[in-house]
Amino acid sequence: GEKWTYSEGELDQKHWAEKFHECGGNQQSPIDIQRRKVRYNPRLLQLELTGYEDMDGSFPMKNNGHSVEIQLPHTMMITKGFPDRYTAVQMHLHWGGWDLEASGSEHTVDGIRYMAELHVVHYNSDKYSSFHEAKDKPDGLAVLAFFYEDGHFENTYYSDFIANLANIKYAGQAMNITKLNVRSMFPDNLSHFFRYQGSLTTPPCHESILWTVFDTPITLSHNQIRKLESTLMDHENKTLWNDYRMAQPLNDRVVESSFL
Ligand code: 1SD
Ligand code: ZN
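Residues numbered from 1 in each chain as written. Chains lettered and ligands numbered in written order. Predicted model: local features only at pLDDT ≥ 70, side-chain atom pairs only at ≥ 80, totals over all residues. Heavy atoms only, no water.

A. A look at the overall build of the chain. From N to C terminus, the chain includes four helices and 16 strands. Against the 2.2 N^0.38 benchmark of 18 Å for 260 residues, the chain shows a C-alpha radius of gyration of 17 Å, consistent with a compact globule. Reported as C-alpha extents along the three principal axes, the dimensions of the chain are approximately 45 × 45 × 40 Å. Carbon and sulfur atoms form 50% of the exposed surface of the chain, whose accessible area is close to 12500 Å². Measuring between centres, the 24 positive side-chain charges of the chain sit 3 Å from its 35 negative side-chain charges. (Helix = DSSP H or I, 4+ residues; strand = E, 2+ residues; numbered from the N terminus. Rg over C-alpha atoms; globule rule 2.2 N^0.38 Å. Areas by Shrake-Rupley, 256 points an atom, 1.4 Å probe, with all protein chains shown as cover. Lys, Arg positive; Asp, Glu negative; His and termini not counted. Charge placed at Lys NZ, Arg CZ, Asp CG, Glu CD.)

B. Representation of the coordination of the zinc ion (ligand 2) within the structure. Those donors, His92 (NE2), His94 (NE2) and His119 (ND1), are the protein atoms that reach the zinc ion (ligand 2), and they lie 2.0 Å from it. Each donor residue of the zinc ion (ligand 2) lies on the same chain, and together they follow the pattern H-x1-H-x24-H. Side by side, His92 and His94 carry an identical accessibility label, which is buried. (Donors = N, O, S within 2.8 Å, 3.2 Å for Na, K, Ca; no water. Buried < 20%, exposed > 50% of the residue type's maximum accessible area, 1.4 Å probe, protein only.)

C. Spotlight on the state of the cysteines. As enumerated under the stated definition, the model contains one disulfide in all. Residue Cys23 pairs covalently with Cys205 via a disulfide, S to S 2.1 Å. Across the disulfide from Cys23 to Cys205, rotation about the S-S bond amounts to roughly 80 degrees, and the bridge is consequently right-handed. Of this pair, Cys23 sits in the loop between helix H1 (16-19) and strand E1 (32-33) while Cys205 sits in the loop between strand E13 (193-198) and strand E14 (209-214), and the two are 182 residues apart along the sequence. Given a relative accessible area of 5%, Cys23 falls into the buried group. (Disulfide = S-S within 2.5 Å.)

D. Structural context of the environment of Gln13. One can find Gln13 in the segment before H1. Taking the C-alpha atoms as reference, Gln13 lies 34 Å from Leu45; in sequence the two are 32 residues apart. In contact with Gln13, other than residues within four places in its own chain, are Thr5, Tyr6, Tyr244, Arg245 and Met246. Among the polar contacts made by the side chain of Gln13, one reaches the main-chain carbonyl oxygen of Tyr244 at a distance of 3.2 Å. A polar contact of 2.9 Å, which involves the side chain of Gln13, links it to the backbone nitrogen of Met246. (Contact = heavy atoms within 4.5 Å. Polar contact = N/O pair within 3.5 Å; in protein donor to acceptor, adjacent residues only side chain to side chain.)

E. Summary view of the side chain of Ser257. Position of Ser257 among the secondary structure elements: in strand E16 (residues 256-257). At 2.7 Å, the side chain of Ser257 and the backbone oxygen of Phe259 are in polar contact. With sequence-adjacent residues up to four places away left out, Ser257 is seen in contact with Val38, Arg39, Tyr40, Asn41, Leu44, Phe193 and Phe194.

F. View of the site of ligand 1. All residues in the neighbourhood of ligand 1 are listed as Gln90, His92, His94, Glu106, His119, Val121, Phe131, Leu200, Thr201, Thr202, Ile209 and Trp211. Here ligand 1 loses 85% of its free accessible area of 360 Å² to cover by the protein chains. Among the secondary structure elements, those contributing two or more residues to the shell around ligand 1 are strand E7 (86-95), strand E10 (116-124) and E14. No other element matches the three residues that E7 contributes to the shell around ligand 1. (Near = heavy atom within 4 Å.)

Structure representation (structure tokens):
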């Protein structure tokens, strides 16, 4: 693929737009969500997630050099909440660095950066026949985003996921997981969320994502977050960390919320 990076070399995030023009567009992600400026929209529908629980099968989990990514089955679908249905494609995380105890979420809230962030990527399967066809269309993708915070207790729904990271330490490595319950990796409360129109947070930064950013964070133990931040290596065999993009200008967009 492309040789872009987050913070090193010639194609770090400040220079993405020189090679990938859409990265300089006016509907980019992530953003800083300012609670005071959010508009409550009582007509935002609660999401109905079908097929996110108790899956048996073979789900590839890969270190792609920028993140850890789990490929998701077509049976996982957002069946209510949007005008069209969206089918899951993959999920991945963004995180910080363990040396400085630095946070690494992409979205921030009132300028506060959370420890890490989960993205569950879906494509509009009512309108398009594949992720590939949908990925650059304005209504092509929907991403569910969740923040992580650290707490005292191990989150046992993440035990296998965290342990598996050691098997895909090097960029390009992959394994298969045979059991997956994605719903259990989310917080219980999914009713409070922010909604806005934005982009992929990595090159080529297509402005094709309807973002849903949940207000309720997921809690992991301090130790689990440390393992997430320190286990994987990038394409240059350096620790893969701080894989987040800085907040982009909101411009004339409005962030809506499902709650007051
Ligand atoms: O960073 C991911 C990238 O890996 C790829 O998955 C892309 C297309 O789905 O999406 C971005 S992101 O906007 O979900 N961060
Ligand atoms: Zn992402």
